[in-house]
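The residues making up each chain are set out below.
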Amino acid sequence: MKRKKHRLLFFMLFIVFLSIIVVIVGSRKNIVHAEAQKDISKNIIRFHVRANSDSEYDQQLKLKVKDAVVDFMQPLLANSSNIDESRQIIQENLDSIIEKAREALQQEGADNEVTAYFENSYFPMKSYGDITFPPGEYEAFRIDIGKGSGKNWWCVLYPPLCFVEATHGVLPEESKNTLKNVLTEEEYNMVSAKPVKFRFKYLTFLNQFLE
């Protein structure tokens, strides 16, 4: 009987010990990711297009607006050398960007109002080929169509990854070089590396704390 009690006590202590390790590792990982994301976000402008609603029609309109605006902004931002210059170019062409969005809507027989502005917004983790940006707050240039209550589309406007099709699972070297120029070596290594995940092989119920 005593052996069983000792084994039970040992097992409980072992579980407590593992739980403490999970909490420490998880907390440390969250802190590191949060700090890295803040540094990366200082050099990034996201592009955010929000549909009027989640109806199939409004979602299709969102993509039409996205295509028209991205096509318009691509040559404008092609020679931008830094984030401040990109921000200024967008501000100077704001009326024209809104007009391009309205034209795209009108071609589809829609007359929704269009608003465009900069904001700080939360973005989930997003991969562009083999480059992955961590989740967190980013500066974003946002376009709302109508009520702006539908699902959204987003990309990275600066550096100009919106204009790249990562059809083979990797970004072209030119795009990677652009990204290297605006991030530190450590930051670039973080977004280009696959995240390492720690998992318990037997006590699988503890893996939920590592997500």
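The sections below set out a description of the structure shown in this document. (Residues numbered from 1 in each chain as written. Predicted model: local features only at pLDDT ≥ 70, side-chain atom pairs only at ≥ 80, totals over all residues. Heavy atoms only, no water.)

What follows deals with the pattern of salt bridges. Evaluation of the coordinates by the stated rule reveals six salt bridges. We note a salt bridge from Asp67 to Lys66, for which the minimum N-O separation is 2.8 Å. Of the residues examined, Asp67 reaches a relative accessible area of 36% and is grouped as partly exposed. For Lys66, a relative accessible area of 16% gives the class buried. A salt bridge links Asp144 to Arg142, with the nearest nitrogen and oxygen atoms 2.7 Å apart. One exposure class covers both Asp144 and Arg142, and it is buried. (Salt bridge = Lys/Arg side-chain N within 4 Å of Asp/Glu carboxyl O. Buried < 20%, exposed > 50% of the residue type's maximum accessible area, 1.4 Å probe, protein only.)

Another aspect to go through is the sheet that holds strand β6 (residues 152-158). Here four strands make up an open sheet; going across it, the order is β2-β5-β1-β6 and the pairing mixed. Taken across any chain shown, the strands that pair with only one partner, and hence form the sheet edges, are β2 (114-123) and β6. Strand-to-strand twist of the sheet, defined as the mean angle between neighbouring strand axes without regard to direction, takes the value 30°. Of the pairings in the sheet, the one linking strand β1 (residues 45-50) to strand β5 (residues 136-145) comprises six bridges and is parallel in character. What sits directly across from Phe47, in β5, is Phe141. (Pairing = 2+ DSSP bridges. Helix = DSSP H or I, 4+ residues; strand = E, 2+ residues; numbered from the N terminus. Axes fitted to C-alpha atoms, helices over the stretch in contact; angles between N-to-C directions.)

Attention now goes to the pairing of β1. Counting buried residues along β1, six of its six residues qualify, which places the element largely inside the surrounding structure. The alternating pattern of β1 places Ile45, Phe47 and Val49 and Arg46, His48 and Arg50 on opposite faces, both of which are buried. As judged from the six bridges shared by β1 and β6, these two strands associate in the antiparallel manner. Residue pairing in the sheet places Val49 in a bridge with Trp153 of β6.

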